[in-house]
Amino acid sequence: AKSSSPLPDQLSCGIAALLASWQQVQRGLHAVASGLKAEEMIQRALDAMSMELQRWRMTHPADPFQLLFRFPRQRVGRELHEILKLAALGGASTALMQCAAHVASRLQEMSITPQEEKMWHMFTAFEVEQSEPGVLGAEKESFGKHLHLRGGATGQIQLMQDWEWPYMFAL
């Protein structure tokens, strides 16, 4: 009888393909940091990563998100962060920062799990409650007014204080 779970070497091959494409993205980012044109190379590598994840979903209908769950998100995120730190120290170009922002967005889009997607939809459906005065009251608002969402396990989720609102809006 055939097992419904994918063979470990198939999963390893999928992960290896993702990491090989990620290495191309890294080389492209380093090239852009050096002033070279590598945006197309980066885009092709990102597309290859996305296609590998899609291929897995189509060829493994019994467990379509197994490769996504094994996607090395932390490693890739740390490595992208290291590239950006080095770039910032060297006075990163606008082209590099735009390219890195595009890479980060694409990585986020392709690596969101179905559970995370469900949680996001649930979170965005919560109602915003009227803000409440902070601990020190209305006269002394050093802690600011609190913004809450109605819902969650306790019935109310505190998101932020009023002094944070302009910063979050700007983002």
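Everything discussed here concerns the structure shown above.
What you are looking at is a predicted structure, and each value in this text was computed from that prediction instead of being measured.

Visitor: I keep staring at the overall build of the protein and nothing clicks. Help me out?
Guide: Counting its regular elements, the protein contains seven helices and three strands. Secondary structure elements of the protein occur, N-terminal to C-terminal, as α-α-α-α-α-α-β-β-β-α. Put simply, the protein has 171 residues, and 31% of those count as buried. The contacts in the protein between residues at least 6 apart in sequence include a share of 53% that link residues at least 24 apart. For the protein, the accessible surface area stands at approximately 11,500 Å², while carbon and sulfur atoms represent 59% of it.

Visitor: Just checking my understanding: could you explain the environment of His102 for this structure?
Guide: Tracing the backbone shows His102 in helix H5 (residues 94-111). Remark: the alpha-carbon pair of His102 and Glu39, spanning 63 residues in sequence, is separated by 9.9 Å.

Visitor: Can you walk me through the packing of helix H4 (residues 73-89) against H5 in this structure?
Guide: A packed helix pair is summarised by two numbers, namely the angle formed by the two axes and the spacing between the axes. The interhelical angle for the contact between H4 and H5, taken along N-to-C directions, is 170°, at an axis separation of 11 Å. Here H4 lies roughly antiparallel to H5, going by the angle between them. Where H4 approaches H5, its residues Arg73, Val76, Leu80, Leu84 and Ala87 are matched on the opposing element by Leu96, Met97, Ala100, Val103, Ala104, Leu107 and Ser111. Its residues placed into classes, the contact of H4 with H5 shows ten nonpolar, one polar and one charged.

Visitor: Is there a simple way to explain the pairing of strand S2 (residues 146-150) in this structure?
Guide: On a regular strand, one side chain projects to one face of the sheet and the next to the other, so that they alternate. Burial analysis of S2 places four of its five residues in the buried class, which makes it a mostly covered element. Alignment of strand S1 (residues 127-128) against S2, held across two bridges, turns out to be antiparallel. Residue pairing across strands places Val128 opposite Leu149, the latter belonging to S2.

About the thresholds
Residues numbered from 1 in each chain as written. Predicted model: local features only at pLDDT ≥ 70, side-chain atom pairs only at ≥ 80, totals over all residues. Heavy atoms only, no water. Helix = DSSP H or I, 4+ residues; strand = E, 2+ residues; numbered from the N terminus. Buried < 20%, exposed > 50% of the residue type's maximum accessible area, 1.4 Å probe, protein only. Contact = heavy atoms within 4.5 Å. Areas by Shrake-Rupley, 256 points an atom, 1.4 Å probe, with all protein chains shown as cover. Axes fitted to C-alpha atoms, helices over the stretch in contact; angles between N-to-C directions. Parallel < 35°, antiparallel > 145°, perpendicular 65-115°, else oblique. Nonpolar A, V, L, I, M, F, W, Y, C, P; charged D, E, K, R; others polar. Pairing = 2+ DSSP bridges.

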